[in-house]
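The lines below spell out each chain.
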Amino acid sequence: MPNAHHPYVDSLTFAGRVIPLKRPMAEFAARRLQAILPQIAALNAARKSQADAAAALGTTVCTLRKWLDITNTEWRNLKARGPYKTRPHA
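Just so we're clear, the structure is a prediction, and the values are computed from it rather than from any experiment. (Residues numbered from 1 in each chain as written. Predicted model: local features only at pLDDT ≥ 70, side-chain atom pairs only at ≥ 80, totals over all residues. Heavy atoms only, no water.)

A. Broad picture of the overall build of the chain. Counting its secondary structure elements, the chain contains three helices and two strands. Overall, the chain shows an N-to-C arrangement of helices and strands of β-β-α-α-α. Out of the 90 residues belonging to the chain, those deemed buried represent 28%. As presented, the chain carries roughly 6,800 Å² of accessible surface, and 54% of it is formed by carbon and sulfur atoms. (Helix = DSSP H or I, 4+ residues; strand = E, 2+ residues; numbered from the N terminus. Buried < 20%, exposed > 50% of the residue type's maximum accessible area, 1.4 Å probe, protein only. Areas by Shrake-Rupley, 256 points an atom, 1.4 Å probe, with all protein chains shown as cover.)

Given below as structure tokens:
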């Protein structure tokens, strides 16, 4: 482990299920993530955008995406972008 002062965990518990993490995270950060997982799940079920969810959680979209990545959570409201209208240059 990179820092011996903070114990690391490999999984979280949410709704009676053990969620394995992609990589170990510090125990204090895992406790925070475990505390907001119900809110993340509710916002995802309500099909909120990641920007709206991040604002509701008081964090950034980048942090929310990192939490989703670590917990292998798929976000439901991803709007496919494009195809973009292209105009030939004059």
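B. Expanded view of helix α3 (residues 61–70). Taken as a whole, α3 has its buried residues at L64, W67, L68 and I70. Down the axis, α3 shows its buried residues gathered within 165 degrees of arc, on one side only. Just beyond α3, the residue with positive phi is N72, at close to 55 degrees. (Arc of directions from axis to C-beta.)

C. Representation of unusual backbone geometry. The phi angle at R47 is positive, at roughly 60 degrees, despite the residue not being glycine. Mapped onto the fold, R47 is located in the loop between α1 (27–45) and α2 (50–57). In this structure, N72 is a non-glycine residue whose phi angle is positive, near 55 degrees. In this fold, N72 is placed in the segment after α3.

The values are spatial; any link to function lies outside them.
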